[in-house]
Amino acid sequence: QIETGRFSKNKKPRNERFCPYCKSLNISTVENEIHFVLTCPLYNKERKQMLDPVYENFPNIASLSQQNIFIWLMSQEDYHTTKFLGNFCKKSFERRAKFLNNPNGT
């Protein structure tokens, strides 16, 4: 929503581009990249599959702030880490599409 909200017909202010899943839980959280990758509960399963092996290979990043973990993930050149992140994005976008098509069926 942080990106698509600025291009919609009814352009939304940044602070109102809420995550549709969190909004369904009555949580008003802006859906930005950090929220998508690290905090949205809709993607907990996919996130665990991504982060468990990353934390195993790079245990020191677990102590970083969410913002710094995100920066670290986005700047990685390690093949396995980027593969885990790519798989996370693919699976999470699929889950997001299913939720948006059927919000009550997730």
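Residues numbered from 1 in each chain as written. Predicted model: local features only at pLDDT ≥ 70, side-chain atom pairs only at ≥ 80, totals over all residues. Heavy atoms only, no water.

*Asks:* Tell me what's going on with the packing of helix H3 (residues 44-57) against helix H4 (residues 66-74), and back it up with residues and numbers.
*Replies:* Two elements in contact, H3 and H4, have axes whose closest approach is 13 Å; the angle formed by their N-to-C orientations is 85°. The pairing of H3 with H4 is recorded here as roughly perpendicular in orientation. From H3, Met 50, Leu 51, Val 54 and Tyr 55 reach across to H4, where they touch Ile 69, Trp 72 and Leu 73. Classifying every residue of the contact of H3 with H4 gives seven nonpolar, no polar and no charged. (Axes fitted to C-alpha atoms, helices over the stretch in contact; angles between N-to-C directions. Helix = DSSP H or I, 4+ residues; strand = E, 2+ residues; numbered from the N terminus. Parallel < 35°, antiparallel > 145°, perpendicular 65-115°, else oblique. Contact = heavy atoms within 4.5 Å. Nonpolar A, V, L, I, M, F, W, Y, C, P; charged D, E, K, R; others polar.)

*Asks:* Can you tell me about the packing of aromatic side chains, naming the residues and giving the values?
*Replies:* Between two aromatic rings, the relevant description is the distance of the centres plus the angle of the planes. Under the defined criterion, the tally for this structure stands at six aromatic pairs. Among the aromatic residues, ring-to-ring pairing joins Phe 36, Tyr 43, Phe 88 and Phe 93 into one connected group. (Phe/Tyr/Trp six-rings, centres within 6.5 Å; stacked < 30°, edge-to-face > 60°.)

*Asks:* Just give me the short version of the packing of H3 against helix H5 (residues 79-101), but keep the residues and values in it.
*Replies:* Axis separation between H3 and H5 bottoms out at 9 Å; the angle between their running directions is 175°. Taken together, H3 and H5 sit at an angle that is classed as roughly antiparallel. Here Lys 45, Glu 46, Arg 47, Gln 49, Met 50, Pro 53 and Val 54 of H3 lie close against H5, whose contacting residues are Thr 81, Phe 84, Leu 85, Phe 88, Lys 91, Ser 92 and Arg 95. Tallied by class, residues from the contact of H3 with H5 come to six nonpolar, three polar and five charged.

*Asks:* Describe in detail the pattern of salt bridges, supporting the description with residues and values.
*Replies:* Taken as a whole and assessed by the stated rule, the structure comprises four salt bridges. The salt bridge partner of Glu 31 is Arg 96, with a shortest N-O separation of 2.8 Å. Of the two residues, Glu 31 is situated in the loop between helix H1 (20-24) and helix H2 (33-39) and Arg 96 in helix H5; the sequence distance between them amounts to 65 residues. The exposure class of Arg 96 is buried, given its relative accessible area of 16%. For Lys 48, the salt bridge goes to Asp 52, with nearest N and O atoms at 2.6 Å. Taken together, the residues span about one helical turn, with Lys 48 and Asp 52 both in helix H3 at a distance of four residues. The class of Lys 48 is exposed, set by a relative accessible area of 52%. Classification of Asp 52 as partly exposed rests on a relative accessible area of 37%. (Salt bridge = Lys/Arg side-chain N within 4 Å of Asp/Glu carboxyl O. Buried < 20%, exposed > 50% of the residue type's maximum accessible area, 1.4 Å probe, protein only.)

*Asks:* Outline the side chain of Gln 76, supporting the account with residue identities and numerical values.
*Replies:* Assignment of secondary structure puts Gln 76 in the loop between H4 and H5. The exposure class assigned to Gln 76 is buried, which follows from its relative accessible area of 17%. Among residues more than four places away in sequence, those in contact with Gln 76 are Phe 58, Thr 81 and Thr 82.

So far we have only geometry, and geometry alone does not tell us how the molecule works.
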